[in-house]
Amino acid sequence: MHYFQYKNNQLCCEDVRVSDIVEKFGSPCYVYSYRTFIEHFRKMKSAFKELDPLICYSVKANSNLAVCKALVKDGAGLDVVSGGELYRALKIKADPRKIVFAGVWKTDKEIKEAMKAGILFFNVESEAELERIQELCVRLHCSVDVCLRINPEVEASTHHYIKTAKRESKFGLSFSIARNILLNKGRFFNVNIRGLHIHIGSQITETRPYVHAVKKISSFISEMKALGIQFEYFNLGGGMGIVYKKEEAQTAQVLARTLVPLLKQLKLKIILEPGRFIVGSAGILVS
């Protein structure tokens, strides 16, 4: 659902004529519908309310400060993937304890800036990254919390280039490497591994791959629990698809109806990272 319509042959954003916006601000310009992206955020929140999840808006979907600020004001956390996005999050005074930092190959500078800010988690992509975070913690005399990003090797029905959970994907840790890290986590004595994270792809328009991924993660959590390793968080990531032309995307309610029972069984705090789902249909470029 979005709020761009023609009224009396004039394109309007909600109740404002786009021609009036152009007359005042000039063009080209971006125009965003506050009502659209806030309603989408609230739909996600309502659909998963039984879990009381932390919903971290994925800033890479649209890093406009006004958009991010409005979502934060409405209760959203933020998912950032760079020092620039972290800067924007702090610029709008987002609560650092509701910020998660994902992305491959974070630089030392980015890691240190996030540590200084006191973010909730790093979503760690590799063993090398974990080792680097440990080294920086020793150097800075501090400790940090992380989630391990697992590659569950799930095939999502989306474009080849945005499938991020296949065996050959560069994203995340295999179950075997994650298992080895967890069984030897004592060597990362400044890093608290508090949960697991997945992100299986983008523009996913069906529920099946999420179900498959959650079931595989659930088995892994049970295996680790039997070995005395406990978690507090599970981050499902984002990737929920939207309608561009003729796609039959799942609504938040349909997705939640299937996933909430599975996620409840984990008995962990749930994090969601929607981006496109919230802002994909909330803006236009006028020229």
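Just above sits the structure.
Residues numbered from 1 in each chain as written. Predicted model: local features only at pLDDT ≥ 70, side-chain atom pairs only at ≥ 80, totals over all residues. Heavy atoms only, no water.

1. What about the overall build of the chain?
- Per the secondary structure count, the chain includes 10 helices and 13 strands.
- For the chain, the spread of C-alpha atoms along the three principal axes comes to 65 × 40 × 35 Å.
- Within the chain, buried positions represent 52% of all 287 residues.
- Put simply, 68% of the contacts in the chain that link residues at least 6 apart link residues at least 24 apart.
- If you sum the accessible surface of the chain, you get close to 14,200 Å²; carbon and sulfur atoms cover 52% of it. (Helix = DSSP H or I, 4+ residues; strand = E, 2+ residues; numbered from the N terminus. Buried < 20%, exposed > 50% of the residue type's maximum accessible area, 1.4 Å probe, protein only. Contact = heavy atoms within 4.5 Å. Areas by Shrake-Rupley, 256 points an atom, 1.4 Å probe, with all protein chains shown as cover.)

2. Structural notes on the environment of Leu-173
- Within the secondary structure, Leu-173 is located in the loop between β9 (144–149) and α7 (175–183).
- Owing to a relative accessible area of 3%, Leu-173 belongs among the buried residues under this scheme.
- A C-alpha to C-alpha distance of 9.6 Å links Leu-173 and Ile-198, two positions 25 residues apart in sequence.
- Apart from residues lying up to four places away in sequence, Leu-173 is in contact with Val-124, Glu-125, Ser-126, Glu-127, Leu-148, Arg-149, Ile-150, Asn-151, Ala-178 and Ile-181.

3. Remarks on the pattern of salt bridges
- According to the stated counting rule, one finds 16 salt bridges in the structure shown.
- Note that Lys-106 and Glu-129 form a salt bridge whose closest N and O atoms lie 2.7 Å from each other. A residue pair is termed long-range when its members are at least 10 positions apart, and Lys-106 in the loop between β7 (99–101) and α5 (108–117) and Glu-129 in helix α6 (residues 127–140) qualify at 23 residues.
- Here Glu-206 ties to Arg-208 by a salt bridge, and the two come within 3.0 Å at their closest N and O atoms.
- Classification of Glu-206 as partly exposed rests on a relative accessible area of 25%.
- Of the residues examined, Arg-208 reaches a relative accessible area of 43% and is grouped as partly exposed.
- Because the salt bridges share partners, they merge into one network encompassing Glu-127, Glu-131 and Arg-187. (Salt bridge = Lys/Arg side-chain N within 4 Å of Asp/Glu carboxyl O.)

4. Some remarks on α7
- Within the sequence span of α7, burial applies to Phe-175, Ala-178, Ile-181 and Leu-182. Along α7, the residues classed as buried sweep out an arc of 125° about the axis, all on the same side.
- Residues of α7 that are buried sit in contact with α6, β9, β10 (191–197) and α8 (208–226). (Arc of directions from axis to C-beta.)

5. Things to note about the sheet that holds strand β6 (residues 77–80)
- Taken together, the 8 strands give a closed barrel; going around it, the order is β5-β6-β7-β8-β9-β10-β11-β12, and neighbouring strands pair in parallel fashion. Here the average twist between neighbouring strands, direction ignored, is 30°.
- Here strand β5 (residues 54–58) runs beside β6; their pairing, made up of 3 bridges, is parallel. Looking across to β6, one finds that Ser-58 is bridged to Asp-79.
- In this fold α8 packs onto β10 and β11 (233–237), with an angle of close to 160° to the strand it touches most, β11. (Pairing = 2+ DSSP bridges. Axes fitted to C-alpha atoms, helices over the stretch in contact; angles between N-to-C directions.)

6. Details of the packing of aromatic side chains
- Per the stated rule, a full pass over the model turns up 5 aromatic pairs.
- Both rings, one in Tyr-34 and one in Phe-37, keep their centres 5.7 Å apart while their planes meet at 70°; by these two values the pair is edge-to-face. Residue Tyr-34 and its partner Phe-37 are located together in helix α2 (residues 34–47), separated by 3 residues, close to a single helical turn.
- Phe-37 gets classed as buried once you look at its relative accessible area, which sits at 4%.
- A ring pair is formed by Phe-101 and Phe-122, whose centres lie 5.9 Å apart and whose planes are at 35°; its orientation type is tilted. You can see Phe-101 sitting in strand β7 and its partner Phe-122 sitting in strand β8 (residues 121–124), a full 21 residues away along the chain. The same class applies to Phe-101 and to Phe-122, which are both buried.
- Across the ring face of Trp-105, the terminal group of Arg-132 is positioned such that the distance to the ring centre comes to 4.7 Å. (Phe/Tyr/Trp six-rings, centres within 6.5 Å; stacked < 30°, edge-to-face > 60°. Lys NZ or Arg CZ within 6 Å of the ring centre and 35° of its normal.)

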